[in-house]
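One-letter residues, chain by chain:
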Amino acid sequence: MRTANAALWSWTAAGLLAFLLLPWYALQDANGLLALHRVWSDADAANGLLQSTVHGRPWLLAGLAGLLVCAAAGAMAPGRRQATLLLAGGFGGAIALLACGFAIGAKGWSFAALERAFGELGVQQFGMGWGAGVVLVALTVLGAFGLARRGMFRGDLFVAAAVIASASLLGLFIVFPVLRALGGAFVAEPGQGVLATFVQRVASERNFGLQCLGGGVRCGVAWNTLFLGVATAASTTLLGTLLALVAERGPRRYAKPLNILALLPIITPPFVVGLGLILLFGRAGIVNQLLESVFGVQPTRWFYGWFGVWLAQTFAFTPIAFMIMRGVVQGIAPSLEEAAQTLRANAERTFTSITLPLLRPGLANAFLVGFIESMADFGNPIVVGGQFSVLSTEIFFAIVGAQYDQGRAASLAWLLTLFALAVFALQRWVLGRRSYTTVSGKGDGGVPMPLPPRVLRLVQVLALPWLAFTLLVYLFAFAGGFVQTWGRDYTPTLAHLKTAFALEWGAFGLVWAGTAWNSFFTTLKLAAISAPLTAALGLLIAWLLARTRFRGQGLFEFSALLAFAIPGTVLGVSYILAFNVPPFELTGTALIIVLCFLFRNLPVGVRAGTAAFQQIDRSLDEASLMLRASTAATLRHVVLPLLKPALVAALVYSFVRAITTVSAVIFLVTAENELATTYIIGRVSNGDYGVALAYCTVLIVIMSLATAGIQWLVGERRLGRAPVAPLQVAGRT
């Protein structure tokens, strides 16, 4: 019994210690963990016990009562009685604390109905601090243990805690803030009902209208967004798959240059891509100047519109598809291809009938991520969209424009969510119940099949020119950071770099004199904190989706993807609305930026992990469990080593996106927590493009080193397979 209840006692002890030793409320002037010496003296830093007994907040005793009930359950043998106590103490205590937190705020009662019913409240409470946070987590986990003791989740305490904790995090930091923002769509207009107002906003002419003009047809913003999402998802999935195939199955001379160039767009701030494309195809760009000088064609704004946005999004999101597809290509068992060739199938027949169908999970996941990324993208449409409007830009102008129509912004956000849900359902229907397992416990020393000649030529025609185009865009874009003034004075200079990152010796030693150092260090710190958390939570959710079955699993998966279906500007505003008041008062802190990074980038880790898990045979997990290894030990020693490609994808993506993101955090930064992207935007707004591009160059160098370091640290997945065989043609190698 002592062994069976060890986890219960551990979490109960953690909750009790937090209630007694940590500040209950968030401190405005210091980090809560640095005020441990004040928990028994100062009223603002007091622990939960003093807050409830001395400072007039008796409702906090509900948390202590819940922990004590769980402690009593820990003294019992596992069974239904213990489960009942854990459910009552864990979930009951957590719900009571949350209810009091929402009902009582910084000015007393948060709702007028409560004040009328109970009278004016003499005390108030602020946002929850470290003490309240740890107690809530402990109570939630203990309640999950109660579900496991009732027989749910096959009685596995770890699985129960993982599902309930992950669902709680998704609900608190994705669903709750998004619903706060989307609720604005149901605010009725004068003289209309709530439902009629919502339908009018969603089905408006600007959203779904079609106008026949002299030069063609102008579609509503909803049709524009849907068309652009499908086109971008198709192009990025195709290019990402071709790049993954040539990286894993093509000539080895392509592998390293491809890995470097294919990841460049993902480690670049979005304004660099837009600027590089404008320098090439804009009205005063190189292409228009060449057409004018050679053919006499007058420069126009032909690039600005749907084509420019599609090209920029393809350029920006192909690396995501490449990282997802590369892990899937690595997981294909060569023995299956060898079996087909043994049955006299040629290379092309083997590729189309064996290799390509086994890529279906990765193709579906890459398409889904590309579609959602396109819908949620804000930077590219705002820079090169011209008169081509999409939902993300419409939402932005509805929120920050002169109209300030929160109801319209919320209704447009609903459209994005419904589009994402439709593609998510389509993906699940395409995959169906087929099995794509290729990594099992059996040895597989086969030789991966090289690319058939036609596929290799397709790669050389499509993928390799895209890589050359990538390099060209960067050469033009970054040249602007090392010349005096782009377009007027091309004299080489390091003045912009010195302005941002100057170092000087002062009376007390080294001085970080550059104007960008503060934002640089803050960005690296917050990205380094959020990246491993994002990867860990994303892969854990992917494992739960692939290896467990529970009620509401579809809603659970969609909640994990919801952050991508919502534009970054809406997500940032949602965080402000949800976390600007008690009980979760996080606005203005570094923690809210870390949380925004974590849940904004979470879907890529989930999708990459899901594609990888669909290739790994369940027998590996089952064999470990039969040898009496715990679920946590099985994850660590068996599953995680097979997930290295997905882990690298999640770590790299979450780290670089935390550094380069703009729209999701532009409303959350403060003077104390300035980020690199907001610094660059400020420079661009002032017309100081040289300093902005020089800063971008430094960021790219740092992120390239970090990407290489992550890949070296995680290592490669070892499947015991031979290298790709050389292509044999007409009896010759």
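Owing to the predicted nature of the structure, the values given are computational and were not obtained by experimental measurement.

About the thresholds
- Residues numbered from 1 in each chain as written.
- Predicted model: local features only at pLDDT ≥ 70, side-chain atom pairs only at ≥ 80, totals over all residues.
- Heavy atoms only, no water.
- Core = buried A, V, L, I, M, F, W, Y, C linked by side-chain atoms within 4.5 Å.
- Buried < 20%, exposed > 50% of the residue type's maximum accessible area, 1.4 Å probe, protein only.
- Helix = DSSP H or I, 4+ residues; strand = E, 2+ residues; numbered from the N terminus.
- Contact = heavy atoms within 4.5 Å.
- Expected span 1.5 Å × (residues − 1).
- Salt bridge = Lys/Arg side-chain N within 4 Å of Asp/Glu carboxyl O.
- Phe/Tyr/Trp six-rings, centres within 6.5 Å; stacked < 30°, edge-to-face > 60°.

**Examining the nonpolar core**
Of all hydrophobic cores here, the largest spans 206 residues; its most connected members are Leu-277, Ile-541, Tyr-575, Phe-599 and Tyr-695. In terms of residues, this core owes the most to one element, helix H26 (residues 590–613), which gives 15 residues.

**Comments concerning the environment of Met-128**
Relative to the elements of secondary structure, Met-128 occurs in the loop between helix H5 (112–118) and helix H6 (130–149). Accessibility expressed as a relative area gives 15% for Met-128, which makes it buried. Sequence-wise, Met-128 and Gly-101 are 27 residues apart; in three dimensions their C-alpha atoms are separated by 8.2 Å. Every residue in contact with Met-128, bar those within four places of it in the chain, is listed here: Trp-24, Tyr-25, Ala-26, Leu-97, Leu-98, Leu-136, Pro-583 and Phe-584.

**What about helix H17 (residues 360–376)?**
Taking 1.5 Å of rise per residue, the 17 residues of H17 would be expected to cover 24 Å, and the 24 Å separating its terminal C-alpha atoms lies within 8% of that figure. Counting buried residues along H17, 14 of its 17 residues qualify, which places the element largely inside the surrounding structure.

**Structural notes on the pattern of salt bridges**
Scanning the entire structure with this criterion turns up 3 salt bridges. Taking the shortest distance from any N to any O, the salt bridge between Asp-42 and Arg-38 comes out at 2.8 Å. Here Arg-657 and Glu-373 are joined by a salt bridge, their closest N and O atoms 3.6 Å apart. Taken together, the positions of Arg-657 in helix H29 (residues 644–660) and Glu-373 in helix H17 put the pair 284 residues apart, joining distant regions of the chain. A relative accessible area of 18% means that Arg-657 is categorised as buried.

**Description of the packing of aromatic side chains**
Taken as a whole and assessed by the stated rule, the structure comprises 27 aromatic pairs. With a centroid separation of 6.0 Å and 70° between ring planes, the pair formed by Phe-303 and Tyr-304 is classed as edge-to-face. Under the relative-accessibility criterion, Phe-303 is labelled buried at 0%. Pairwise contacts between aromatic rings join Phe-102, Phe-173, Phe-176, Tyr-575, Phe-579, Phe-584 and Phe-599 into one cluster.

**Some details on the environment of Ala-694**
Looking at where Ala-694 falls in the secondary structure, it is placed in helix H31 (residues 689–714). Overall, Ala-694 belongs to the buried group, its relative accessible area being 0%. Taking the C-alpha atoms as reference points, Ala-694 and Gly-481, 213 residues apart in sequence, are found 4.4 Å from one another. Contact partners of Ala-694, with chain neighbours within four places excluded, come to Gly-481, His-496 and Leu-497.

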